[in-house]
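Chain and residue survey
These are the residues of each chain, in order.
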Amino acid sequence: MPPAREPPVSEVVLTGIQKSFGANPIVKGVDLRVAQGEFLVLVGPSGCGKTTLLRLIAGLETIDAGELTIGGRRVNDLPPRERDVAMVFQSYALYPHMSVRENLAFGLALRKMPKAEIDARVAEAASLLELSGLLERKPKALSGGQRQRVAMGRAIVRRPKLFLFDEPLSNLDTALRVQMRGELARLHRKLATTMIYVTHDQVEAMTLATRVAVFNAGVLQQVGAPLALYDRPGNRFVAGFLGSPAMNFLDVRREGASLAGKGFALAVPDGLPPNEGPELLVGLRPQDLVVGSAGPLQGQVEAVERLGFDGYAYLSSPAGPVAARFDKGTNVAVGDSVRVSPVRDAVHAFTADGSRALRHPFESVAREAAS
Amino acid sequence: MKLWHSYRGAEEEALEKSAALFEQQTGEKVDLLAIPNDVLGDKLTAAIPHGVGPDVFIFNHERLRSFQHLGIVTASDGSIDKSAYFANAVDALSVDGKTYGYPLSLKCLALYFNTRLVPRPPADTTELERLLPGLSRPDENRFGLAYETGNFYFHAPFLFGFGGDLFDAGGRATFDTKGMVRSLEYVKRLQDSRFIPMETSGALVKSLFNDERAAMVVSGPWFAGEIAPSVKYGVAQLPRNSETGRPMSPFLGVEAAFVSPRSAQLPQAQALARFLSVGAASRLRAVTGRQVPANAAAYEDSAVQEDSLISSFRQAAANATPMPNTLEMARVWEPMKLALRAVLQGGVAPAEAGALADRRYRALHRERPPDASPVPYLAVGALALVAGGAYLARKPRALLPFRRRYPDVARAAVYTGPAVAGLLVLVAVPFVVGISLSLFHHEAGSYSFVGLANFADILASRGYRISEPLSFYFTLVVTVAWTLVNVVLHVGLGLFLAILLKEPLLKLRGVFRVLLIVPWAVPNYITALMWKGLFHRQFGAINGFLVLLGLEPVSWFTRFSTSFAANVATNTWLGFPFMMVVALGALQSIPQDLYEAAEVDGASKWVQFRRITLPLLRPALLPAVILGSVWTFNMFNIIYLVSGGEPGGSTDILVSEAYRWAFQRNEQYGFAAAYSVLIFFVLLGWSTVTKRVTRATDELMG
C-alpha cells in the first residue's frame with residue numbers, strides 16, 4: 001500500500017463554502033482546489049462574491065458552512081493571524097503613521113523575529129520592488145504605484161504560505177497597471193508561492209493566471225487555464241465574460257441542416273449533439289466575424305471602433321446587436337448596411353438558456369490538423 | 001428727587017405707596033429706581049461722586065463706613081429723632097460719633113419652631129437641651145434643630161451668648177477668646193449628639209423644616225417665605241444662654257435711607273428719608289412689605305401687632321447686636337468660617353480653633369504695601385512700545401506706503417470690524433485692565449500704585465509657609481495635580497466609551513451615545529450642585545450606598561484626599577463626554593482595512609489598539625487634550641461649588657483662590673489681579689510647550 005500522500009504545504013481546498021450577509025446569500029457553496037504554487041485568479045462582475053470569498057480565505061469573514069483547509073489544516077475557526085496568509089488590499093491599507101520600513105517590518109516584528117533578520121528581509125523586499133530609496137518615507141509622500149509596491153512588499157517580507165490579492169491594481173492608471181502586472185508575474189515566478197488574486201479585469205485574469213476561476217452571483221462558473229476558458233467556455237456567462245468585445249449571442253432553431261435565426265441561417269456545425277434542441281443559442285466571437293459585402297448576417301452599422309490594425313463595427317441586425325471585426329482597409333461608416341460572415345467553424349453552441357455549452361469551435365480544425 | 005433702592009415685590013409696593021404719600025403731603029416729586037441688590041453698592045459709589053447719583057438711597061448699614069469714607073452719605077444729626085427708633089438700630093448707623101441716615105427696617109435671626117413638635121419654644125438653653133433629645137432621631141434623619149452651622153453669621157448668637165467678643169478694645173478682630181472656645185464646644189456637642197445635622201446648607205435647612213424633620217430652625221425673616229403652607233410654625237427670639245444668663249444675641253442688620261451730600265435739595269432729601277422711616281411709611285412697610293420696622297411707634301398699630309412674624313422679629317431684634325459697620329468686620333468672615341468648619345468636621349479641637357482663625361486672619365490681612373513710583377513702569381512700558389514699533393519698522397514691507405500695502409483697507413475694515421471690536425472689548429481691554437490692576441493695591445474703594453509688590457508678596461509666599469494652602473506654590477501644585485488627574489481620566493474614560501460605542505454589534509448604540517453626551521449638555525453648575533449633594537455626609541446618596549454595603553460613611557470634605565476626589569469625580573463626569581465625542585469622531589475616521597491589514601499581519605486586538613488606534617488618534621486627541629487641560633486648569637465652578645476649597649482652602653485651585661482674594665477677602669482686587677496674571681503666565685508657558693508637541697506630531701504624520 002502506498003504511503004498516504006502528504007498534502008503540499010500551501011494547497012488551499014474549499015469545500016461547500018457558504019456565506020450570507022443577513023438574508024443575502026453571497027457565496028453559495030463553492031468547491032475549489034488551489035494547488036501548491038498556483039496563481040489562481042478569481043474573476044467576475046462586481047458584487048459576484050469574489051472579494052467575499054477571498055476574505056473568507058483570509059479569515060476576515062467567518063464561514064457559514066463548508067470547510068476551508070490551507071496546507072491540509074482546517075482553518076475555518078482560526079483568526080487571520082494564525083493562517084499564515086498575507087493579503088494585499090485594494091486600498092493598500094498602509095499604516096499612515098509608519099515609514100515604509102516600519103510598514104514592511106510591522107508583521108515581522110510582531111512575530112518576534114530578530115532585528116537582523118527583519119532588516120535583511122526588508123532590504124531584500126525593497127530591492128525586489130525598487131523601494132530601497134523610499135524606506136524612510138511616510139506613505140503620504142509616495143505615488144500610487146509606490147504605495148502599491150509597499151503593499152506588496154508588506155506581503156512578501158512575511159514569506160507566507162499563501163498570498164491573497166484583492167483587486168490590487170484597480171487604483172492605478174493604465175500604464176502603471178500594465179507595468180505592475182508584469183512585476184506581479186515576475187514575482188510569482190520568483191517566489192513560486194500560491195497566490196489567489198481577485199479582479200474584475202479579464203485582461204489581468206488572462207495574463208497573470210495559471211488558472212482562472214470565473215464567478216457569478218456567488219456560484220463558481222468554471223475553472224481552468226485562461227485560454228482553455230476562452231476557447232471552451234462551459235456556459236454562456238463564461239463565454240460572454242471573457243473576451244473583448246464580448247461574444248455575440250444569437251437565438252436559433254435547428255431546422256434540418258441549418259440553424260435558423262431571425263433573418264439569417266447558418267449551417268449546423270460539426271459535433272453539435274443531434275439530440276439537443278431544436279431551440280439553441282449560438283455564440284460567435286466578434287473576432288471570428290468579418291465585415292464585408294457577403295455573409296449570412298445583415299445589419300446596420302451603429303458605431304465604429306478603429307483600433308489601428310483593425311477595428312470593430314457594432315451593428316443592429318434583425319437578430320439583435322452584433323459586433324464584428326473588420327480589417328484596416330475595409331471601409332465602414334455609421335449608417336452603412338453591411339453583411340457579416342463567420343470564419344470557418346467559429347460557432348459556439350449552447351443550450352437555449354445558456355447554462356451549458358454544446359459545442360466549441362475549431363475542434364474539428366484542430367482534429368484535422370492533428371490527423 | 002431721585003431715590004434708588006433694591007426692593008422687589010411687596011417691599012417695593014410698600015415703598016411706592018410711601019413715596020406717593022410723601023408727594024401728596026409735600027408736592028415734591030420722587031423718582032424711584034430699583035437696582036439689583038448685588039450691583040447697587042457699586043453703582044452708588046460710582047455715580048454719586050460724579051453728581052449723577054440719587055438724592056436718597058436705601059442700603060444695608062454694613063457698608064456705611066466705606067460710604068462715609070468715600071463721602072457719599074450725609075450725617076443726619078440734627079434732623080433725626082433718635083428716640084423714635086430702637087436704640088441698637090440707631091447705634092448701627094453711627095460712625096465716629098455721628099449718625100448717618102434713617103433706620104427703616106431690621107434683619108436678624110430668630111427661632112422658627114414647628115408648633116406640632118414644639119408647642120412652646122424654649123426660653124433658655126436648659127430648656128432647649130431638654131427638648132432636643134426627644135426631637136432628634138438620627139437614624140431617621142430627624143433633628144431637633146437646624147441652621148447653617150458652617151456660616152459664622154449663624155454662629156454669632158452662640159458666640160455672643162457665651163459672652164464672646166469679636167473685637168478687642170482697639171477694634172481689632174480677636175478669635176482666641178474664652179467665649180469663642182465655649183461656643184464652639186457647645187455647637188460641636190450639639191452636632192456630636194446628632195441634635196443638629198452636619199454640613200448644613202440653606203437648602204438643606206429649608207427641606208428639613210418643610211419635611212418636619214427639623215423641629216426648630218434658626219433663620220431670618222426671609223425664611224418665612226420658604227416654609228411650606230402645610231407646616232404650622234411659630235417664631236420666637238433665640239433662647240437665653242443658661243450658663244451665662246445672656247441672650248443668644250444675633251447680628252442685627254439695619255436697612256436705612258441715606259442722603260447723598262451731592263443732592264441739590266438737601267433739606268428736602270433729608271425730609272424724604274426721615275418721612276420713609278417713621279409714621280405712615282413705617283406702618284406701610286410692616287403691613288404691606290412685611291418688613292420689621294425700626295420705628296418703635298409702628299408697633300402701636302393693631303395690624304402690626306397682630307402680625308406674629310413681625311412682632312416676634314421685633315423682640316428678637318431688640319436683643320440683637322448691630323453688625324459692626326467697620327472694615328474689620330469684613331475680615332472676620334473667612335477666618336471664622338475656617339475655624340467653624342474645622343471644628344465641626346473634627347479636624348481641630350475647639351480650643352485650637354481660635355488660634356487657627358487668628359492665623360488665617362493675619363495671613364489675609366495684608367498690610368498695604370508702600371506706594372511705588374509709577375515712573376519706572378511707565379518708562380518700561382514706553383520703551384516696550386518703542387521697541388515694538390522699531391521691530392515693525394525694520395520689516396521692509398512696513399516701509400511701503402500704507403495705501404499700497406493695503407489697497408482695499410476700507411472694505412477689509414468693514415469685514416473685520418465686528419470681530420476686531422469683539423476682541424478688543426472681550427480680550428484686549430480686560431487684559432490690559434487686569435495687568436494694570438495687578439500693580440495697584442485696593443482698600444476701601446481707593447487704589448494706590450504699589451508696583452510689583454503684589455507679585456513679590458505672592459511669589460515670596462509672604463505671611464504663610466509654602467506648605468500652607470494660602471501659598472501660591474501650594475495652590476499651583478494642587479492645580480497641576482487637579483489638571484493632570486482630570487485630563488487623564490477624561491481621556492481614558494472618553495476613549496474607553498468611544499471604543500465601546502464604535503462597536504457596531506452594540507445594540508441601542510444611538511441611545512447610549514445620546515445618554516453619554518447628556519452630562520455635557522447640562523449646565524455645569526447644576527451638575528456641580530447635584531454632586532455636592534451626592535457627597536453630603538448624612539444625606540448624600542454616595543454615603544447611603546456605602547452604608548448599604550456595610551461600610552462606614554465618609555466625611556468627604558474633611559480630608560484633602562477625599563475632597564479632591566469628590567471634585568475630580570464631578571469634573572470627570574462633566575469632562576469625559578467631550579473627549580468621547582472627539583475620540584469617536586477620530587475613531588470613525590480610521591479606515592477599517594488598516595485593522596484588517598494588521599489582523600492579517602498578525603496583530604492581536606491589543607496590538608492593533610496600541611499600534612494603529614492610538615497613534616492615529618493622536619492628531620485628533622492632542623488638541624482636545626490641550627484644550628481640556630486649559631479648561632480644567634481654570635475650572636472655577638466645580639471647585640467653588642463642590643468642595644468650596646475645603647478643608648481649609650486646600651483644594652482651591654489658582655483661579656478660585658484669585659476669586660477669593662478679590663471677593664471674599666476684603667476686596668484685594670490688585671492682589672487677585674496679580675494672581676490672574678500669574679495664571680496667565682503659567683498657561684502661556686504650557687501653550688508654548690504644547691505648540692511644540694503639536695508641531696512634532698504634525699511632522700510625525702507627514
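Keep in mind that this is a model prediction, so the values were computed, not measured.

The number of helices and strands found in chain B is 29 helices and 15 strands. Taken along its principal axes, the extent of the C-alpha atoms in chain B is 95 × 75 × 50 Å. Within chain B, buried positions represent 47% of all 702 residues. Long-range pairs, those at least 24 residues apart, make up 72% of the contacts in chain B between residues at least 6 apart in sequence. Entry remark: accessible area of chain B is about 32600 Å², with carbon and sulfur atoms responsible for 62%.

Once that is clear, we can look at the overall build of chain A. Helix and strand content of chain A: 9 helices and 21 strands. By principal-axis analysis of the C-alpha atoms, chain A measures approximately 75 × 55 × 50 Å. Per-residue burial for chain A yields a buried fraction of 51% across its 371 residues. The contacts in chain A between residues at least 6 apart in sequence include a share of 65% that link residues at least 24 apart.

A few words now on the sheet that holds strand β13 (residues 264-267) of chain A. Residue and element names in this part refer to chain A. Sheet architecture is open: 6 strands sit in the order β13-β12-β11-β14-β20-β21, paired in antiparallel fashion. The open sheet has two edge strands with one neighbour each: β13 and β21 (357-359). Between one strand and the next, the sheet's axes are offset by a mean angle of 40 degrees, whatever the strand orientation. Strand direction decides the pairing type here: strand β11 (residues 248-255) and strand β12 (residues 258-261), joined by 3 bridges, are antiparallel. Residue pairing for β12: R253 is matched across the bridge by A260.

Residues and elements named next belong to chain B. Burial within strand β6 (residues 102-107) is extensive, with 5 of its 6 residues counted as buried. Here β6 pairs with strand β11 (residues 251-259) via 5 bridges, running antiparallel. Its bridge partner lying in β11, K107 is registered against G253.

The next thing to look at is the nonpolar core. Nonpolar side chains in soluble globular proteins tend to end up buried together. Of all hydrophobic cores here, the largest spans 74 residues; its most connected members are B:L44, B:F57, B:L106, B:Y112 and B:F258. Lining this core are residues from two domains, each supplying at least three of them: domain 1 (2-106 + 253-318) and domain 2 (110-249 + 331-364) of chain B.

Residue and element names in this part refer to chain B. Structurally, chain B comprises domain 1 (2-106 + 253-318), domain 2 (110-249 + 331-364), domain 3 (381-441) and domain 4 (473-652). A separation of 38 Å is found between the C-alpha centroids of domain 2 and domain 4. Tallying the contact residues gives 12 residues for domain 2 and 11 residues for domain 4. Counting the surface domain 2 buries against domain 4, the share from its top three residues, M198, E199 and Q345, is 54%. The tally of links from domain 2 across to domain 4 stands at 0 salt bridges. The tally of links between domain 2 and domain 4 comes to 3 residue pairs in polar contact (both at pLDDT 80 or more). For the side of domain 2 that touches domain 4, the secondary-structure elements that each account for two or more residues are α8 (202-210) and α14 (333-344). Grouping the constituent residues of the side of domain 2 that touches domain 4 by class yields 6 nonpolar, 2 polar and 4 charged.

Here the focus is the sheet that holds strand β7 (residues 110-114) of chain B. The strands making up a sheet associate through hydrogen bonds between their backbones, and the pairing can be parallel or antiparallel. Residue and element names in this part refer to chain B. On the basis of which strands lie adjacent, the open sheet formed by 4 strands has the order β8-β9-β7-β10 and mixed pairing. The open sheet has two free edges, formed respectively by β8 (143-146) and β10 (233-236), since each of these has just one partner strand. For this sheet, the mean angle separating the axes of adjacent strands, direction not counted, is 20 degrees. When β7 meets β10, the two strands line up antiparallel, connected through 4 bridges. Looking across to β10, one finds that L111 is bridged to A236.

Okay, the interface of chain B and chain A next. At the junction of the two partners, chain B supplies 20 residues and chain A supplies 23 residues. Its largest share of buried area at the contact with chain A, chain B owes to B:E596, B:V600 and B:D601, together 33% of the area lost on that side. One can count 3 salt bridges joining chain B with chain A. Notably, a salt bridge pairs B:E596 with A:R55, separated by 2.5 Å at the nearest N-O pair. Counting every contact that joins chain B to chain A gives 8 residue pairs in polar contact (both at pLDDT 80 or more). Of all the secondary-structure elements, those providing two or more residues to the side of chain B that touches chain A are α25 (592-601), α26 (605-633) and α29 (669-701) of chain B. Element by element, the count of residues in the side of chain B that touches chain A is highest for α25(B), at 8 residues.

This part is about helix α24 (residues 560-588) of chain B. Taking 1.5 Å per residue, 29 residues should reach 42 Å; α24(B) reaches 40 Å between its end C-alpha atoms and fits that length. At B:W573, α24(B) shows its largest kink, close to 35 degrees, and the proline B:P577 lies no more than four residues downstream.

A few words now on the domain arrangement of chain A. Residues and elements named next belong to chain A. Its domain assignment divides chain A into domain 1 (12-236) and domain 2 (246-370). The C-alpha-based centres of domain 1 and domain 2 are spaced at 38 Å. Domain 1 puts 7 residues into the contact, and the matching count from domain 2 is 13 residues. Across the domain 1/domain 2 interface, buried area totals approximately 830 Å², and carbon plus sulfur atoms make up 51% of it. Connecting domain 1 to domain 2 are 0 salt bridges. Taken together, the links from domain 1 to domain 2 amount to 3 residue pairs in polar contact (both at pLDDT 80 or more). By residue class, the composition of the side of domain 1 that touches domain 2 is 2 nonpolar, 2 polar and 3 charged.

This part takes up the packing of α14(B) against helix α15 (residues 350-364) of chain B. All names here are of chain B. Axis separation between α14 and α15 bottoms out at 8 Å; the angle between their running directions is 150 degrees. Compared by their axis directions, α14 and α15 come out roughly antiparallel. Between α14 and α15 lies a crossing of right-handed hand. On α15, the residues touching E334, P335, L338, A339, A342 and V343 of α14 are P350, A353, L356, A357, R360, Y361 and L364. When its residues are assigned to classes, the contact of α14 with α15 shows 11 nonpolar, no polar and 2 charged.

All names here are of chain A. Structurally, D288 is set in the loop between β14 (279-284) and β15 (289-292). Buried charge without a salt bridge: D288, with R285 as the nearest opposite-charge side chain at an N-O distance of 5.6 Å. If sequence neighbours within four positions are ignored, D288 has contacts with S341, P342, V343, A346 and F362.

About the cut-offs
Residues numbered from 1 in each chain as written. Chains lettered and ligands numbered in written order. Predicted model: local features only at pLDDT ≥ 70, side-chain atom pairs only at ≥ 80, totals over all residues. Heavy atoms only, no water. Helix = DSSP H or I, 4+ residues; strand = E, 2+ residues; numbered from the N terminus. Buried < 20%, exposed > 50% of the residue type's maximum accessible area, 1.4 Å probe, protein only. Contact = heavy atoms within 4.5 Å. Areas by Shrake-Rupley, 256 points an atom, 1.4 Å probe, with all protein chains shown as cover. Pairing = 2+ DSSP bridges. Axes fitted to C-alpha atoms, helices over the stretch in contact; angles between N-to-C directions. Core = buried A, V, L, I, M, F, W, Y, C linked by side-chain atoms within 4.5 Å. Domains from an automatic or database assignment. Buried area = accessible area lost by both parts, 1.4 Å probe. Salt bridge = Lys/Arg side-chain N within 4 Å of Asp/Glu carboxyl O. Polar contact = N/O pair within 3.5 Å; in protein donor to acceptor, adjacent residues only side chain to side chain. Nonpolar A, V, L, I, M, F, W, Y, C, P; charged D, E, K, R; others polar. Expected span 1.5 Å × (residues − 1). Bend = angle between axes of the 7 residues up to and from the residue. Parallel < 35°, antiparallel > 145°, perpendicular 65-115°, else oblique. Left-handed = near helix turned anticlockwise from the far one by under 90°. Lys, Arg positive; Asp, Glu negative; His and termini not counted.

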